[in-house]
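Spelled out from the first residue to the last, the chains are:
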Amino acid sequence: MPDYMIELRDVTKRYGDLVANDNVTLQIRRGELMTLLGPSGCGKTTALRCITGHNIPDEGRVFIDGEDVTDVPTYKRELGMVFQSFALFPHMTVFGNVEFPLMIRRMNKAERREWVMDALRMIRMEEYEDHYPRQISGGQQQRVGLARALVYRPKVLLLDEPLSNLDAKLREEMRFEIRDLIDRLGITAVYVTHDQAEALALSDRVAVRNAGHIEQVGMPDEIYDLPQTRFVADFIGLSEFLAGTLSAVHTEERTATVAVDGLEIHVPATPEMAPGRKVLFFIRPNDIELLPASQESGINVFVGVVEKKTYLGDRSDYRVRVSEGLELRVQTDGKVRFEEGENVKVHLPIPHCRVIVE
Ligand SMILES: Nc1ncnc2c1ncn2[C@@H]1O[C@H](COP(=O)(O)OP(=O)(O)O)[C@@H](O)[C@H]1O
Ligand SMILES: [Mg+2]
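Residues numbered from 1 in each chain as written. Chains lettered and ligands numbered in written order. Predicted model: local features only at pLDDT ≥ 70, side-chain atom pairs only at ≥ 80, totals over all residues. Heavy atoms only, no water.

Here we look at the sheet that holds strand S8 (residues 188–193)
Two strands in a sheet stick together by hydrogen bonds in their backbones, pointing the same way (parallel) or opposite ways (antiparallel).
Phase 1 of the analysis: Strand order across the open sheet formed by 6 strands is S6-S7-S8-S3-S9-S10, with mixed pairing between neighbours. Across the chains shown, the open sheet's two edge strands, defined by having one partner strand only, are strand S6 (79–83) and strand S10 (213–218). Here the average twist between neighbouring strands, direction ignored, is 15°.
Phase 2 of the analysis: Sheet analysis places strand S9 (residues 205–210) next to S10, joined by 5 bridges and oriented antiparallel. Each residue of the ladder has a partner; that of Arg-209, found in S10, is Ile-214.
Phase 3 of the analysis: Contacting strand S3 (33–37), S6, strand S7 (156–160), S8 and S9, helix H1 (residues 44–52) crosses the sheet at an angle of about 155° to S7.
Phase 4 of the analysis: With respect to the sheet, helix H5 (residues 168–185) is in contact with S3, S7 and S8, its orientation differing from that of S7 by roughly 170°. (Pairing = 2+ DSSP bridges. Helix = DSSP H or I, 4+ residues; strand = E, 2+ residues; numbered from the N terminus. Axes fitted to C-alpha atoms, helices over the stretch in contact; angles between N-to-C directions. Contact = heavy atoms within 4.5 Å.)

See below:
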């Protein structure tokens, strides 16, 4: 068996002068849920349409299950598809809607019934077979859309922003529903979204896209904890970057020091680090420790003053001034422990310090 269920090899797709996918290479493993994540207009749908065959790449090849399908028409690719506007046929029952793809494939009636009921059981809606779309909720309609995509047991399921027409609460429920369904089926799936929380919650791996290309591919925790580019860090919700310069690399300790606005911050070293290089430093607000002013000094412990505190229920948020030009955002669990104007110390634990070398 080939290693990858889907492979894009150096795929370029242009619309006139616009390069919607610029030499994109991506490998999706068998049974994996891969998400294409990126802002609107970055070419996610175009990439998906290259997989489905609705777009023919200008350059490069597309493989499904080891076969070069670049020139194979959509209907022969054995794909299930769910789109944002998944509109069910209003005049057909749930059963009729799910049966439709099997009718097109000229399956006999007894077999159709069996396959449709299998698909309805999969989404726990076998009792709704006689209902019409208007008689069921939006979430149930979306599940029927999924059943319709899965009923003919495709090799691959492709979902293009399938939840973006649903309200926030339902969207969150459906995330788990989709994840659970894909786990049960063991099917390979490609999921397109611009919503980073959705991508992190759903995916085995995420490909973060930016304007026609892929910036980083990784597991959700890698994308979240170790973004490799500023774009990824920014898109994934780490908006506070501090510009600095690498002042030293300590080979023995496997650390380096970054000068940021008068502070010397110790960070984990990486191979591309060299003194003098410009870097972006960041640390998540909930990874910073806030300590009483009486706390001893040490590596990455800095003196500060609380400028602002905000109670957030399960957390408290502080703005702590650590130097004239530098205010750090810190989030701690639970109740407010420090007051505005209070002297404190902040500790930036080395393993949580992140640096992108520019
Ligand atoms: N059929 C088309 N003709 C011309 N331009 C298109 C066409 N489809 C998409 N585009 C453009 O290509 C870019 C990528 O679009 P798309 O793949 O739909 O992005 P996304 O799904 O990430 O929002 C956008 O700038 C879009 O306007
Ligand atoms: Mg799109």
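Further notes follow.
Here we look at the pattern of salt bridges
Phase 1 of the analysis: Applying the stated rule across the entire model yields 26 salt bridges.
Phase 2 of the analysis: Arg-205 is the partner of Glu-32 in a salt bridge, and the nearest nitrogen-oxygen pair spans 2.7 Å. In this pair, Glu-32 is assigned in the loop between strand S2 (18–29) and S3 and Arg-205 in strand S9, connecting sequence segments 173 residues apart.
Phase 3 of the analysis: Arg-205 gets classed as buried once you look at its relative accessible area, which sits at 12%.
Phase 4 of the analysis: Its salt-bridge partner being Arg-124, residue Glu-177 comes within 3.6 Å of it at the nearest N-O pair. Placement of Glu-177 in helix H5 and of Arg-124 in the loop between helix H3 (109–122) and helix H4 (138–150) is noted, with a sequence separation of 53 residues between them.
Phase 5 of the analysis: Taken together, the salt bridges that share partners define one network made up of Arg-124, Arg-143, Glu-177, Asp-180 and Arg-184. (Salt bridge = Lys/Arg side-chain N within 4 Å of Asp/Glu carboxyl O. Buried < 20%, exposed > 50% of the residue type's maximum accessible area, 1.4 Å probe, protein only.)

Things to note about the domain arrangement of the protein chain
Phase 1 of the analysis: On domain assignment, one finds that the protein chain holds domain 1 (4–235) and domain 2 (242–357).
Phase 2 of the analysis: On a C-alpha basis, the centres of domain 1 and domain 2 stand 40 Å from each other.
Phase 3 of the analysis: At the junction of the two partners, domain 1 supplies 8 residues and domain 2 supplies 5 residues.
Phase 4 of the analysis: Carbon and sulfur atoms make up 57% of the area that domain 1 and domain 2 hide from each other, which totals about 570 Å². (Domains from an automatic or database assignment. Buried area = accessible area lost by both parts, 1.4 Å probe.)

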